[in-house]
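As a plain string of letters, each chain reads:
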Amino acid sequence: MDDDELAVLLRNERYPRSAGYSGRWMVDGVMGPNAVWQAEALSDVMSLEPGMRVLDMGCGTALSSIFLAKEFGVEVWATDLWIKPDENLRRVVEADVEGRVHPVHAEAHSLPFAEGFFDALVSIGAYHYFGTDDLYLGYYSGFVKRGGQIGIVQPGLAEECETLPPAGLAPYWKWDFCAWHSPDWWRRHWEKTGLVTVEVADRLPEGWRDWLHWNEVCDRDSSAPQWEAEMLRTDAGRTLGFTRVVARRSN
Ligand SMILES: C[S@@+](CC[C@H](N)C(=O)[O-])C[C@H]1O[C@@H](n2cnc3c(N)ncnc32)[C@H](O)[C@@H]1O
């Protein structure tokens, strides 16, 4: 598929800021269902002001970090485990945000930052890999200033299921999807620490359609197997979607 066709297929009116970015750039950096769309959805419910210091935790190929730096004028520490910072630095330089996006190689339980260093913490398609532990938020929230926001968005369920896999999804289910949770689950998971006030815990409106749209275009572009798109079509938004949560560190 050529780049123009890809750009047309990826048009999505729910994400007007993302429309300014190359579809090929998004597909080349893919690690999940469009980090740029998800970053835009998270930014809709967070206060990001120019000059703020933002941690992008589990940034993967740093697309969301580049997007946030360009769109909001924030300075981003693009932190990831699997993707090496040399690779992300190359992307940062190509995107002309050198000095505004800082690639960092770190494990989520061993972050090389000072307490209270950040004005905001974001995590896109990643927090469920390390943040379902009851005690993790107590460690993580220490890196944002008191009163600062913590935002996550990632695959999730509409509601917690008594048994997994959810009805009808057994053919597609992978064991680690057990870390996908509902907005209410995340609200309780964070509120029970007493360390934050949850301001938003919702499903992205029509999020499952965006996820399916993204997968269908990527599958067409790469002729990859389509099991994930099939799973989303089968579910039709009954169970799967994106969970978005924003909280503020208490004083
Ligand atoms: C599915 S990818 C999503 C990447 C990117 N945010 C996106 O949406 O395209 C999950 C990311 O979480 C990061 N991750 C998983 N476990 C981690 C850990 N223990 N510490 C730091 N990062 C971790 C991985 O390095 C990976 O890049």
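Everything in this summary refers to the structure shown in the same document. (Residues numbered from 1 in each chain as written. Predicted model: local features only at pLDDT ≥ 70, side-chain atom pairs only at ≥ 80, totals over all residues. Heavy atoms only, no water.)

**Here we look at the pairing of strand β4 (residues 118–124)**
We count it as follows: The buried label goes to any residue with under 20% of its type's maximum accessible area, the exposed label to any with over 50%, and the partly exposed label to all in between, with areas taken from a 1.4 Å probe on protein chains only. Put simply, DSSP H or I for four residues or longer makes a helix, DSSP E for two residues or longer makes a strand, and each gets a number counted from the N terminus. Paired strands, as defined in this entry, are two strands with at least two bridges between them according to DSSP.
For β4, the tally of buried residues reaches seven of seven residues, placing the bulk of the element in the interior. Sheet topology places strand β1 (residues 53–57) next to β4; three bridges connect them, and they run parallel. By the bridge assignment for β4, V54 is matched with A120.

**Concerning helix α7 (residues 183–191)**
To keep it simple, the criterion reads: Regarding the arc, it is the one traced by the directions from the helix axis to the C-beta atoms. In this analysis, two residues are considered to be in contact whenever any of their non-hydrogen atoms come within 4.5 Å of each other.
Of all the residues in α7, the buried ones are P183, W186, H189 and W190. The buried residues of α7 all sit within an arc of 125° when viewed along its axis, so they share a single face. Residues of α7 that are exposed and point over 90 degrees away from its buried face: D184 and R188. For α7, the secondary structure elements touched by its buried residues are α6 (136–140), β5 (144–157), β6 (196–203) and β7 (240–249).

**Re the sheet that holds β5**
Each strand in a sheet pairs with another by means of backbone hydrogen bonds, the pair being arranged parallel or else antiparallel. Rules: For helices, the fitted line uses only the C-alpha atoms of the stretch in contact; every axis is such a line through C-alpha atoms, and the angle between N-to-C directions lies from 0 to 180 degrees.
An order of β3-β2-β1-β4-β5-β7-β6 is seen for the seven strands of this open sheet, with the pairing classed as mixed. Every interior strand has two partners, whereas the edge strands, β3 (101–105) and β6, have only one. Between one strand axis and the next, the sheet turns by 15° as a mean value, whatever way the strands run. Relative to β3, strand β2 (residues 75–80) is paired through five bridges, and the arrangement is parallel. Directly across from T79, in β3, lies its bridge partner V104. Across the sheet, helix α3 (residues 35–43) lies against β4, β5 and β7, angled at about 135° from β4, the strand it touches most.

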